[in-house]
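# Descriptive structure summary
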Amino acid sequence: MTSRLYVCLLAILTLPSRVLAESFDRVFTYEAETELHHAVGQADGDGWSANTASPTRGTLVHGPYATNWGAGAGQAVFRVMIDDNTADNVPVAVLDVFCHDSNRVLVSKEVLRRDFNQPLTYQDFTLWFDLQPCADQRMEVRLHWLARAYLNIDKVTVRLDDFTPGEPQVLNFTRSSPAHVKTLVRRALQGLGFGTYEPPPATPRRDGPNAGDLVFVGRHYLAWIDQTGFYGKMNALWLLNGAEADALGFVHEEPTTRRPVSFLGVAEDGNGAWLPGYSGAEHYELPHEFPEPGEDRNGNGQCDTNEACTGSACVRTICNWYSLNEAAAVTDPNVPHWTACARNRMAWARRVRPTLQEEGETSLRLVYEAPITKESDGGRDGATDGDLCHQDYLFADGIRRPVFLRLGYVLHADRPFFDRTYQLDNPAGNPAFGQEVWSVIGGLVLSKLPASQPAKAALFHTVRPELRDVSGPVPPYTFPAGQWTARPAKATADEAWGWLATPISWSARGRASYGDSLKLELLGPADNDDTGFCLCNTHGGMEIGGGVLHRGVSLPIEGGTRTLETTRRISFPSEHALPFVHEAEGESLFKLVGRGEADGWSANTAEDPPGWLIHGPYASHWGDGPKTAVFRLMVDSVVTGGNVVSLDVYDATAGQVIAKRVLSRAAFTQPFMFHDFSLGFSLDGRLGHAIETRVYWHDISYVKVDRISVTDR
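Below: a short report on this structure.

What counts and how
Residues numbered from 1 in each chain as written. Predicted model: local features only at pLDDT ≥ 70, side-chain atom pairs only at ≥ 80, totals over all residues. Heavy atoms only, no water. Salt bridge = Lys/Arg side-chain N within 4 Å of Asp/Glu carboxyl O. Helix = DSSP H or I, 4+ residues; strand = E, 2+ residues; numbered from the N terminus. Buried < 20%, exposed > 50% of the residue type's maximum accessible area, 1.4 Å probe, protein only. Contact = heavy atoms within 4.5 Å. 1 Å grid on protein atoms, 1.4 Å probe; cavity = no way out; pocket = protein on both sides within 12 Å on 5 of 7 lines; lining within 4 Å. Points joined across faces, edges and corners; volume = space filled by probe spheres on them. Nonpolar A, V, L, I, M, F, W, Y, C, P; charged D, E, K, R; others polar. Polar contact = N/O pair within 3.5 Å; in protein donor to acceptor, adjacent residues only side chain to side chain. Expected span 1.5 Å × (residues − 1). Pairing = 2+ DSSP bridges. Axes fitted to C-alpha atoms, helices over the stretch in contact; angles between N-to-C directions.

### Quick word on the pattern of salt bridges
Side chains carrying opposite charge are able to pair once their charged atoms draw close together. All told, the structure shown has 51 salt bridges when counted by the stated rule. Ionic pairing is found between Arg-665 and Asp-636, a salt bridge with its closest N-O pair at 3.6 Å. Separated by 29 residues along the polypeptide, Arg-665 in the loop between strand 44 (656-664) and strand 45 (675-682) and Asp-636 in the loop between strand 42 (626-635) and strand 43 (643-651) bring together distant segments of the chain. We classify Arg-665 as buried; its relative accessible area is 7%. The structure contains a network of salt bridges with shared partners spanning Glu-292, Lys-374, Asp-377, Asp-387 and Arg-400.

### Concerning the environment of Gly-70
Counting through the fold element by element, Gly-70 comes out in the loop between strand 5 (64-66) and strand 6 (73-82). With relative accessibility at 34%, the residue Gly-70 sits in the partly exposed group. For Gly-70, the contacting residues outside a window of four places in its chain are Arg-26, Leu-131, Ala-135 and Asp-136.

### A closer look at empty space enclosed by the protein
To locate leftover empty space, one rolls a probe as large as a water molecule over the atoms. Under the defined criterion, the tally for this structure stands at five cavities of 30 Å³ or more. Considered as a void within the structure, the largest cavity measures approximately 130 Å³ in volume. Ser-279, His-283, Ser-323, Val-330 and Trp-338 are, among the 15 residues lining the largest cavity, the residues nearest its centre. Counting residues per element, the lining of the largest cavity draws most heavily on strand 16 (residues 282-288), at three residues. When its residues are assigned to classes, the lining of the largest cavity shows five nonpolar, five polar and five charged.

### Quick look at the side chain of His-675
In this structure, His-675 sits in strand 45. Polar contacts involving the side chain of His-675 include one to the main-chain amide nitrogen of Gln-670, which spans 3.4 Å. One polar contact links the side chain of His-675 to the main-chain carbonyl oxygen of Met-673, over a distance of 2.6 Å. Every residue in contact with His-675, bar those within four places of it in the chain, is listed here: Phe-631, Arg-632, Leu-633, Phe-668, Thr-669 and Gln-670.

### Quick look at helix 3 (residues 178-190)
With 13 residues, helix 3 should cover 18 Å at 1.5 Å per step; its first-to-last C-alpha distance of 18 Å lies within 8% of that length. Check the buried side of helix 3 and you find it contacts strand 12 (169-172), strand 13 (214-217), strand 14 (221-226) and strand 15 (233-239).

### Some words on the layout of surface pockets
When its volume is computed, the largest pocket comes out at roughly 1100 Å³. Along the wall of the largest pocket there are 36 residues; nearest its centre are Val-77, Asp-124, Thr-126, His-390 and Asp-392. Elements with a contribution of two residues or more to the lining of the largest pocket: strand 6, strand 9 (123-130), strand 11 (151-161) and strand 22 (400-401). A class-by-class count of the residues in the lining of the largest pocket yields 13 nonpolar, 13 polar and ten charged.

### Describing the sheet that holds strand 20 (residues 373-376)
Spatial strand order, 20-17-16-25-34-33-30: seven strands in an open sheet with antiparallel pairing. Across the chains shown, the open sheet's two edge strands, defined by having one partner strand only, are strand 20 and strand 30 (495-497). Sheet twist, expressed as the mean angle between neighbouring strand axes with direction ignored, is 30 degrees. Of the pairings in the sheet, the one linking strand 17 (residues 320-323) to strand 20 comprises three bridges and is antiparallel in character. Across the sheet, residue Trp-321 finds its bridge partner in strand 20, namely Ser-376.

### Let's talk about the environment of Pro-473
Along the chain, Pro-473 turns up in the loop between strand 27 (470-471) and strand 28 (478-479). With 23 residues separating them in the primary sequence, Pro-473 and Ala-496 have C-alpha atoms 6.8 Å apart. Ignoring sequence-local partners within four residues, the contact set of Pro-473 consists of Glu-495, Ala-496 and Trp-497.

Structure below.
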């Protein structure tokens with residue numbers, strides 16, 4: 001049975017998913033004509049309007065001077081229409097949320113004429129905000145009319161989440177004591193650098209782990225599932241050693257401070273820093289190829305590599321990128337099309353509930369549902385100015401409609417892997433969805449680039465595809481199937497691999513070893529060929545992923561249907577554990593002289609000629625890099641001179657001695673006592689070679705070998 005730090009029996013949620021995904025703690029609706037104040041304009045049907053016959057600019061609506069919003073976070077949704085959405089693209093209004101008592105604009109948004117999708121049709125414009133700077137003040141929502149177009153505002157809806165500081169809910173799927181697990185969780189979360197829980201800070205950071213989030217703890221990993229400001233995104237992951245009870249501990253810690261190091265990029269250095277080139281520790285985007293108004297310069301209904309082309313010569317290219325509006329804004333100037341949509345992000349304190357939460361004895365399944373919105377401005381209209389950011393998905397007919405991405409996790413109590421699930425949902429009433437996009441591309445962001453944490457700095461050093469040879473993106477990279485191959489260094493340009501059509505592994509050691517390697521595979525009934533990885537210098541991160549749910553395979557889908565659910569499995573293999581220990585009397589080491597004893601293999605001057613006392617194990621799985629072999633031996637006498645044995649490490653594939661050491665009697669301090677002798681060596685450039693550790697006996701003394709151990713240096 002599993003224990004729980006916080007007792008919470010979780011039922012499967014069966015209410016309509018979109019209601020749950022967009023639910024808030026409190027909702028207030030203010031009708032423009034009756035519940036808000038006005039400086040200009042007049043009542044107009046079910047709203048309040050102004051037109052250019054009266055050229056005086058002014059505040060079309062303001063108020064309600066509310067004192068019951070609290071200190072949480074949320075959104076103000078302005079429902080507005082315009083008479084003409086094509087005449088030009090000038091600003092027609094400014095929307096804001098205003099702290100009346102401190103005379104402070106909390107958030108504002110300039111609305112352009114072409115931000116409206118249709119004329120004389122109400123459209124929602126959303127402003128996200130955090131009330132922390134304005135707690136207990138009188139609050140207003142305002143629309144400032146710029147006297148350039150007829151506008152009619154129907155209402156403003158304010159949706160709010162209360163923010164509760166404190167520790168996330170912990171789901172303990174281990175056999176460790178609740179007190180020990182709580183200690184592990186606190187060490188992990190506080191090691192990110194967002195703040196402490198005891199004592200609590202006077203003003204806790206809202207962008208770090210808090211009471212609205214989940215923490216999953218199994219034997220092999222501890223994961224922060226960020227439900228505040230994100231749609232349940234895993235923003236930190238710590239590998240655990242798999243031990244029972246209170247021996248459970250972290251695999252990666254800083255050596256001096258013992259700070260646990262997350263295996264993902266967010267705050268990996270313990271400084272509370274978000275990745276500037278990404279929105280959190282996972283990147284997903286849908287490249288979109290149909291133009292928005294003003295982007296189709298040659299009028300052929302597509303974005304082209306050369307907008308001066310005509311007819312069949314036109315090559316379709318990306319217009320913009322769609323994704324999810326989550327709290328962490330992209331701020332890296334190397335990606336201006338993403339920074340263009342950095343404003344008006346989901347509030348950090350916004351709490352998103354899963355649409356599905358199933359807790360079993362050995363696993364936890366979570367699913368979240370999020371609207372796909374424009375999150376990167378490709379600048380096909382000549383400027384990456386952030387126009388139409390965060391608006392709904394644009395269909396080929398030029399109409400925006402909601403489409404949803406369903407994102408989930410299956411987290412395991414006693415297995416060294418987790419599953420990330422993806423599915424697209426096209427609501428009923430929509431036309432076919434998917435001909436406008438490529439797929440869902442991107443993946444898990446393991447670290448910033450270059451990586452500063454030793455556990456990840458060399459992670460892509462070696463690569464092993466499982467089912468087939470893979471080549472690219474720049475010759476002469478070729479990775480043969482089933483073997484570890486060193487990846488040539490490439491430092492300056494993006495190195496993006498995709499469509500590898502095989503599970504693929506990476507390792508800092510050239511072998512599958514827990515904590516030093518990981519594996520990616522795609523699971524599902526179809527559409528599983530786009531595995532890949534990226535050393536993305538432009539975004540500044542190390543990603544594993546590729547693409548899922550591709551056009552022409554899983555897409556398009558009709559309205560009222562969903563794609564298949566596809567799964568990325570991320571695993572942390574443990575085929576080999578350090579140290580590699582080879583007992584002298586065992587079968588892995590070979591002998592040409594001597595005989596077996598209870599605790600080793602020996603030779604003596606009365607019975608044996610000089611020769612190889614020990615050689616082997618012809619290991620091809622030690623990986624590469626610097627290593628140490630420790631030979632454990634004894635002699636009968638330490639008082640006379642002479643060299644008794646020669647130790648070496650030998651590359652049997654290349655026929656080369658890699659390192660050698662000669663031992664005299666004087667190297668031993670006591671007779672008939674085992675001593676350890678170290679021999680350093682490097683296996684760089686020798687991946688897959690058969691490596692031996694050898695003991696040559698010189699026939700001047702009784703010698704017994706207990707074992708030979710090999711470890712990393």
